[in-house]
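A look at the structure
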Amino acid sequence: MHLINAQTLKSWLHDGAEIALFDVREHGQYGESHLFYGITLPYSRLELDVQRLAPRKQVRTVVYDDGQGVAQAAAQRLEDLGYSNVHVLDGGTAAWQAAGYTLYAGVNVPSKAFGELVEQIYETPHVTATELNAMLQAGEDVVVLDGRPYEEYRKMSIPTATSCPNGELAYRVRRIVPNDKTHIVINCAGRTRSIIGAQTLINLGLPNRVSALQSGTQGWMLDDLVLDHGASRRYGEPSDDLPAIRRSAQELAKRYEVPTVDAPTVRRWHEDAQRSLFLCDVRTPEEYAAGTLPGAVHTPGGQLIQATDQYIGVRRARLVLFDSDGVRAPVVASWLRQLGHEVYVLDGGLASGLALRESAPSEMPQFGQIDAATLAEQLRQPAAPVIIDVGSSMRFRQRHIPGSRWSIRPRLTADLQAIEAPIVLVADEPGVAACAAIELNRLDAPVSILAGGLQAWLDAGLPVQSSPQSPADSECIDYLFFVHDRHSGNKAAARQYLEWEINLISQLDELEKAEFRLPSLQADA
């Protein structure tokens, strides 16, 4: 690995070549303060997620932290996994800020800043919660479509709203709203997906009046209006007139200079050792589960726009999108192009015959396992093992094995260095426990993993306990409080979050802003 300074990293981020920039701190730390293009890759999950985010191991890779040494450990693990071009930002976030560069709070920052720019540049129409409520109460011809994934919609939604994630809007809107005179209002939890969903229908040339719900479900709550919980209204079949919708989608892609690419070309790209490639299936989870192209990853279209950094870990990689209808991929690609990505639509989509060689998952060391009944028996013995729960801090607060203690991979060695008794790791995912076990290889104490995690303990009917204040908030480095608390009726958190979204574009420097390809930005360049 090599140390680089902030000025070098800044130049690399804008030099036109591929780069994977990973923030290897835990999610809560990342969300409090990170680089604009930093991709969250928590050290606690590094081996589980890095190959999905950066499939080409020769890619120029930079990792950073807050100067506490996690980046060096992560860089070493990446090299152990075969990544051959790994660098560490010397001094981490503090050095970045000291060099005069901005740090950002929150998650999915590039996509959210982009959404704010979209509203500003396209002048996307909006209605307030109070205005929409008045329309609904008056029985006006208005339909509310929720642009989030169904699971989010189920948690809280606007009364009467139908779930139709943004990636499905173009494909299904005419089935849900057959009348050109109906006013369509798109909502999400906050702002971005409301704006992108509404502007998608406007860009497609839909004759209806289309608006974004200003501030989404949070705005509804802040106006003391009642949200639905557990609603199940959901989009149905695709729209009837697919040929016409397909033409509109293809014209949209052409307007934003999104090219198509054939299967033989994509196969050649896949073998190119100098470039990274992501083959993205933008259809629904159900469609993906029923069958996809070999080598493809599921990137539901709306979320790929909203949270690109959760799926794509390499800036300036080639993104190839496909669907089964010729509608969804072009529409999603039109936005990714404006976000600044090199994006293509696969000619023929699911029927193209494309098959890419699938990468083998990273090999993980094997550790001994112990079943729940055996562990329960051992805990009754004088020389009982020490149970370390490496699941999420919020789940630990809710329920954990009595007598267990919570820790997380970056802190494990320090937390356990004086322990000589056998250690049993408990997690919600087997891979997270295995990542933690790797960290404990240096200890003399024997380490094993509870097979099936805490769920196996629960399934065996064994007792659990809660600790609502433990670990303390300051220790919960995997949890970003202000992002999550806004959904639990916390009005101060909701206001803070909405203010954060709106203010993002004021934080962008000229280089960051120039990476977007929105029409007026390009005209100004």
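Keep in mind it's a predicted model, so treat the numbers as computed, not measured. (Residues numbered from 1 in each chain as written. Predicted model: local features only at pLDDT ≥ 70, side-chain atom pairs only at ≥ 80, totals over all residues. Heavy atoms only, no water.)

**As for the overall build of the protein chain**
Applicable threshold: The secondary structure listing takes helices from DSSP runs of H or I that are at least 4 residues long and strands from runs of E that are at least 2 residues long, numbered from the N terminus. Burial classification: accessible surface area is computed with a 1.4 Å probe over protein chains only, and a residue below 20% of its type maximum counts as buried, one above 50% as exposed, and the rest as partly exposed. Contacts were defined at the residue level, with two residues in contact if any of their heavy atoms lie within 4.5 Å. For this count, His and the chain ends are skipped, Lys and Arg are scored as positive, and Asp and Glu as negative. Working definition for charges: the position is that of NZ of Lys, CZ of Arg, CG of Asp or CD of Glu.
Check the secondary structure of the protein chain and you find 25 helices and 20 strands. Evaluated residue by residue, the protein chain yields a buried proportion of 56% over its 525 residues. Intrachain contacts of the protein chain at a sequence separation of at least 6 include 77% that bridge at least 24 residues. Side chains of the protein chain give 48 positive and 65 negative charges; the mean places of these two sets differ by 3 Å.

**Remarks on helix α23 (residues 491-507)**
Since the α-helix advances by 3.6 residues per turn, residues separated by three or four positions end up pointing in the same direction. The line we're drawing: For a helix, the expected span equals 1.5 Å multiplied by the number of residues minus one. A residue's bend is simply the angle between two axes: one fitted to the seven residues ending at it, one to the seven starting at it. Pairing of N or O atoms within 3.5 Å defines a polar contact, subject to two protein rules: one partner must be a possible hydrogen donor and the other a possible acceptor, and residues neighboring in sequence count only if both atoms are side-chain atoms.
Taking 1.5 Å of rise per residue, the 17 residues of α23 would be expected to cover 24 Å, and the 24 Å separating its terminal C-alpha atoms lies within 8% of that figure. Largest kink in α23: about 30°, centred on E501. All buried positions along α23 are accounted for by A493, A494, Y497, L498, W500, E501, L504 and I505. By the N-cap criterion, in which a side-chain oxygen at the helix start approaches the backbone nitrogen of a residue two or three places on, α23 is capped by N490, the distance to A492 being 3.2 Å.

**Here we look at the pattern of salt bridges**
Here is the rule we go by: Salt bridges are defined as contacts in which a side-chain nitrogen from Lys or Arg sits within 4 Å of a carboxyl oxygen from Asp or Glu.
Within this structure, the stated rule accounts for 39 salt bridges. Two residues, E512 and K10, come together in a salt bridge whose shortest N-O distance is 3.9 Å. Of this pair, E512 sits in helix α24 (residues 510-514) while K10 sits in helix α1 (residues 6-13), placing them 502 residues apart in sequence. Between R193 and E152 there is a salt bridge; the shortest N-O distance is 2.9 Å. Here E152 lies in helix α8 (residues 150-155) and R193 lies in helix α10 (residues 192-203), a separation of 41 residues in the sequence. Its relative accessible area of 7% is what places R193 among the buried residues. Judged by relative accessible area, E152 falls into the partly exposed class, the value being 23%.

**Here we look at helix α4 (residues 70-80)**
Rule in force here: Directions from the helix axis toward the C-beta atoms define the arc.
If you check which residues of α4 are buried, you get V70, A71, A74, A75, R77 and L78. Burial along α4 is one-sided: seen end-on, the buried residues are contained in an arc of 160°. Of the surrounding elements, those touching the buried residues of α4 are α3 (46-53), β4 (61-64), β5 (86-89), α19 (409-416) and α20 (430-439). Looking one or two residues beyond α4, the residue adopting positive phi is G82, at roughly 105°.

**Looking at unusual backbone geometry**
For the peptide bond that leads from S470 to P471, omega is 5°, which places it in the cis range. Tracing the backbone through its elements, the reader meets P471 in the loop between α21 (453-459) and α22 (481-485). You will see that N108, though not glycine, has its phi angle at about 55°, which is positive. As for its position among the elements, N108 is in the loop between α5 (92-98) and α6 (109-122).

**Focus on the domain arrangement of the protein chain**
Cut-off, in case you're wondering: As used throughout, domain bounds are those supplied by an automatic or database domain assignment. Once two parts are joined, some of their accessible surface, as seen by a 1.4 Å probe, is lost; buried area is that loss totalled over both.
Taken domain by domain, the protein chain consists of domain 1 (2-106), domain 2 (113-237), domain 3 (248-351) and domain 4 (369-475). Look at where the C-alpha atoms of domain 1 and domain 3 centre, and you get two points 25 Å apart. Between domain 1 and domain 3, the contact holds 21 residues from the first and 16 residues from the second. Each partner contributes to the roughly 1300 Å² buried at the junction of domain 1 and domain 3, and carbon and sulfur atoms together form 48% of this total. When the buried surface of domain 1 facing domain 3 is broken down by residue, E18, L53 and R56 rank first, second and third, together holding 37% of it. Taken together, the connections running from domain 1 to domain 3 amount to one salt bridge. Residue R275 pairs with E18 through a salt bridge whose shortest N-O separation is 2.9 Å.

**Looking at the sheet that holds strand β9 (residues 183-187)**
Strands belonging to one sheet form pairs held by backbone hydrogen bonds; the direction of such a pair is parallel or antiparallel. Worth spelling out the cut-off: The rule for pairing is simple: two strands pair if DSSP sees at least two bridges between them. Interaxial angle, 0 to 180 degrees, is taken between N-to-C directions of lines fitted to C-alpha atoms, where a helix line uses only the stretch in contact.
Spatial strand order, β6-β10-β9-β7-β8: five strands in an open sheet with parallel pairing. Of all the strands in the sheet, the pair left with one neighbour each is β6 (126-127) and β8 (162-163). As defined by bridge partners, β6 adjoins strand β10 (residues 210-213) across two bridges and the pair is classed as parallel. Of the residues in β10, the one forming a bridge with H126 is A212. Lying on the sheet, α10 is in contact with β9 and β10; it crosses β10 at an angle near 175°.

**What to know about the packing of aromatic side chains**
To keep things clear, this is the line we draw: Two rings from Phe, Tyr or Trp (for Trp, the six-membered ring) form a pair when their centres are within 6.5 Å of each other. A pair whose planes differ by under 30 degrees is stacked, one over 60 is edge-to-face, and the rest are tilted. The criterion is that NZ of a Lys, or CZ of an Arg, lies within 6 Å of the ring centre and within 35 degrees of the ring normal, and then a charge sits over that ring.
In the structure shown here, the tally under the stated rule is ten aromatic pairs. Ring centres of F114 and F516 lie 5.6 Å apart, and the angle between their planes is 45°; on these two criteria the pair is classed as tilted. With F114 in helix α6 and F516 in the loop between α24 and α25 (519-524), this residue pair connects regions lying 402 residues apart in the sequence. Taken as a pair, F114 and F516 share a single burial class, namely buried. Aromatic pair Y150 and Y153: ring centres 5.9 Å apart, planes at 25°, arrangement stacked. Remark: Y153 and Y150 occur in helix α8; sequence separation between them is three residues, near one turn of the helix. In this pair, the class of Y150 matches that of Y153, namely buried. Sitting above the plane of the Y150 ring, R234 keeps its charged end 4.1 Å from the centroid.

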